[in-house]
Amino acid sequence: MLQFLYIVEVARKEDELAERRPRLFVRSSSVKSMADVLAELSREVISGSSLPKALARIGFKSEYSQGFFEEFQYVVNNFAVDLADGVILGKAVELVAGLEPNSVVGCLRNPSGDRLRKIKNVNEVLSAAKRHGIDTGDVKAESIVQGRTDDILEFVWRLVGVFASMYRPAAETMQSAELLLHVYRQMAERSAITEKIMRLAGKHTHYRRMLGF
């Protein structure tokens, strides 16, 4: 058992796993870290002794702890709510700008329903987008956090416009609606984001015209 835990701890630090941030524990689990596992083993197996301390003496110190971003679900059901904390928008910027996984999301904080944290998160996302050549227009973090759909959609359409430029050859053979659906699906597949927003997209022809679709 201890050998298995050691392998898991070491493997979790490997570059590919660290970038993907896979969950080791289910969201409903009361155990969220390797230290929790060792503490449970101590109670069940070694009475009156601390397994983590004993392992530390021979050079093994558990570090993995499953946090907010490992458990975050990248699902968009409601623009005004699900994009307001900046986390999904940060993942979208990483995808569109071709950045390393978690290079933007890793700079964010768990919003925990806190408005100021959400504003800081969204400002970080907008700044990252600008640094990598994505025009954010006049969109303000406060507007996104307040759930103003027009401002959120403007930023999303700008991201879609950059991403769609990768598919310009497809634009010659696709109708605009087909191209948009294709782009949305590609973005969703690459970033593991599921979305139910195509009906909203169809209502905002202003942004389609702005992007040349």
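Residues numbered from 1 in each chain as written. Predicted model: local features only at pLDDT ≥ 70, side-chain atom pairs only at ≥ 80, totals over all residues. Heavy atoms only, no water.

Per an unreviewed UniProt entry, the chain is named Calponin-homology (CH) domain-containing protein, and its organism is Toxocara canis. Looking at the Subcellular location (unreviewed entry) heading of the UniProt record, one finds this comment for the chain: "Cytoplasm". (UniProt positions renumbered as here; feature names shortened; annotations may be inferred.)

Quick notes on the overall build of the chain
Counting secondary structure elements, the chain contains 14 helices and two strands. Within the chain, the fraction of its 213 residues that count as buried is 42%. The contacts of the chain with a sequence gap of at least 6 include a subset with a gap of at least 24, amounting to 58%. In the form shown here, the chain has an accessible surface area of approximately 12,100 Å², with 50% of it arising from carbon and sulfur atoms. (Helix = DSSP H or I, 4+ residues; strand = E, 2+ residues; numbered from the N terminus. Buried < 20%, exposed > 50% of the residue type's maximum accessible area, 1.4 Å probe, protein only. Contact = heavy atoms within 4.5 Å. Areas by Shrake-Rupley, 256 points an atom, 1.4 Å probe, with all protein chains shown as cover.)

Remarks on a nonpolar patch on the surface
The grouping of Tyr6, Ile7 and Val10 at the surface amounts to a nonpolar patch, some 280 Å² of accessible area in total. By the element assignment, Ile7 lies in helix H1 (residues 2-12). (Patch = residues over 30% accessible without salt bridge, like charges linked within 9 Å, V, L, I, M, F, W, Y side chains within 5 Å. Salt bridge = Lys/Arg side-chain N within 4 Å of Asp/Glu carboxyl O.)

Points about unusual backbone geometry
In the Ramachandran plot, Asn102 falls in the positive-phi region, its phi being about 70 degrees despite a non-glycine side chain. Residue placement: Asn102 occurs in the loop between helix H7 (87-97) and helix H8 (115-131). Located in the positive-phi region is Ser112, a residue other than glycine, with phi close to 50 degrees. Inspection of the secondary structure assignment puts Ser112 in the loop between H7 and H8.

Some thoughts on the environment of Ser33
Tracing the sequence through the fold places Ser33 in the loop between helix H2 (15-20) and helix H3 (34-45). The exposure class of Ser33 is buried, given its relative accessible area of 8%. On a C-alpha basis, the gap between Ser33 and Glu63 in space is 7.9 Å, while along the polypeptide they are 30 residues apart. In contact with Ser33, other than residues within four places in its own chain, are Phe25, Tyr64 and Ser65. A polar contact is formed between the side chain of Ser33 and the backbone nitrogen of Asp36, at a distance of 3.1 Å. (Polar contact = N/O pair within 3.5 Å; in protein donor to acceptor, adjacent residues only side chain to side chain.)

Side note on H8
Here H8 contains 17 residues, and its C-alpha end-to-end distance of 24 Å stays within 8% of the 24 Å for a straight helix at 1.5 Å per residue. Taken residue by residue, H8 has Ile119, Asn121, Val122, Val125, Leu126, Ala128 and Ala129 as its buried positions. The backbone nitrogen of Leu116 lies 3.0 Å from a side-chain oxygen of the residue at the head of H8, namely Asp114. Looking one or two residues beyond H8, the residue adopting positive phi is Gly133, at roughly 80 degrees. (Expected span 1.5 Å × (residues − 1).)

Some details on the nonpolar core
Formed by 35 residues in total, the largest nonpolar core has its most connected members in Leu83, Val93 and Phe155. Listed by contribution, the elements that provide at least two residues to this core are H7, H8, helix H9 (141-145) and helix H10 (149-164). For this core, the element with the most residues is H10, which contributes eight residues. Apart from the residues within four sequence positions on either side, Phe155 is in contact with Leu89, Val93, Val125, Leu126, Ala129, Thr136 and Val139. (Core = buried A, V, L, I, M, F, W, Y, C linked by side-chain atoms within 4.5 Å.)

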